[in-house]
Amino acid sequence: MKAALVLLCLALFMAAVYGCNPDGNNKPDCTNSTNVEVRIRNFWDPTHYWWCASLGSQDPEAKICEPPTDDSEETTGFDPTSKSCIPWSQWKYITPCA
Ligand SMILES: *[C@@H]1O[C@H](CO)[C@@H](O)[C@H](O)[C@H]1NC(C)=O
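I will try to describe carefully the structure that is included in this document. All figures in this text were calculated on a predicted structure; none of them were measured in a lab.

Brief notes about the state of the cysteines
Here comes step 1: Under the defined criterion, the tally for this structure stands at three disulfides.
Here comes step 2: A sulfur-sulfur separation of 1.9 Å characterises the disulfide bridge that pairs C20 with C97. In this structure the cystine formed by C20 and C97 twists about its S-S bond by roughly -80°; its chirality is therefore left-handed. Placement of C20 in the loop between α1 (2-18) and β1 (40-41) and of C97 in the segment after β5 (84-87) is noted, with a sequence separation of 77 residues between them.
Here comes step 3: The disulfide that involves C65 links it to C85, with 2.2 Å between the sulfurs. In this structure the cystine formed by C65 and C85 twists about its S-S bond by roughly -70°; its chirality is therefore left-handed. On the criterion of sequence distance, the pair formed by C65 in the loop between β3 (61-64) and β4 (76-79) and C85 in strand β5 is long-range, its members being 20 residues apart. Pair check on accessibility: C65 and C85 agree, each one buried.

Let's talk about the layout of surface pockets
Here comes step 1: Approximately 260 Å³ is the volume found for the largest pocket.
Here comes step 2: In terms of lining, the largest pocket is formed by 15 residues, of which the most central are N26, R41, F43, P80 and C97.
Here comes step 3: Class assignment of the residues belonging to the lining of the largest pocket gives a composition of nine nonpolar, three polar and three charged.

Points about the packing of aromatic side chains
Here comes step 1: Inspection of the entire model under this criterion finds two aromatic pairs.
Here comes step 2: Here W88 and W91 contribute two aromatic rings whose centre-to-centre distance is 5.1 Å and whose plane-to-plane angle is 70°, an arrangement assigned as edge-to-face.
Here comes step 3: Judged by relative accessible area, W88 falls into the partly exposed class, the value being 32%.
Here comes step 4: Here W91 falls in the partly exposed class, since its relative accessible area comes to 22%.

Regarding the sheet that holds β1
Here comes step 1: On the basis of which strands lie adjacent, the open sheet formed by three strands has the order β1-β2-β3 and antiparallel pairing. Every other strand in the sheet has two partners, leaving β1 and β3 as the edge strands with one partner each.
Here comes step 2: Strand direction decides the pairing type here: β1 and strand β2 (residues 48-51), joined by two bridges, are antiparallel. Counted as the bridge partner of I40 is W50 from β2.

Definitions and limits used
- Residues numbered from 1 in each chain as written.
- Predicted model: local features only at pLDDT ≥ 70, side-chain atom pairs only at ≥ 80, totals over all residues.
- Heavy atoms only, no water.
- Disulfide = S-S within 2.5 Å.
- Helix = DSSP H or I, 4+ residues; strand = E, 2+ residues; numbered from the N terminus.
- Buried < 20%, exposed > 50% of the residue type's maximum accessible area, 1.4 Å probe, protein only.
- 1 Å grid on protein atoms, 1.4 Å probe; cavity = no way out; pocket = protein on both sides within 12 Å on 5 of 7 lines; lining within 4 Å.
- Points joined across faces, edges and corners; volume = space filled by probe spheres on them.
- Nonpolar A, V, L, I, M, F, W, Y, C, P; charged D, E, K, R; others polar.
- Phe/Tyr/Trp six-rings, centres within 6.5 Å; stacked < 30°, edge-to-face > 60°.
- Pairing = 2+ DSSP bridges.

Printed below as a string of structure tokens:
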């Protein structure tokens, strides 16, 4: 239990230093204008992406990746390279913080 706490603190410390924590969910800070109205990858859930609708201290929204066409039942995955939701047939796993 104590070791877990130490590891968690270390992870948070590393995230603060390096700006990217591969074990976190990559939730962006909406008070930073570079994060507003851009799709940001959720490391824990490729069917969703983070979205800051406006500048402020609110939590970002976890938006679901939309189907490829309006009347499609298909789901898509978030592609961090193109910052868009793409069909799973084209989706590839990319290591967080790569
Ligand atoms: C906002 O985010 C960018 C990119 O991650 C970073 O370079 C910048 O230092 C951040 N600004 C603030 C005020 O945290």
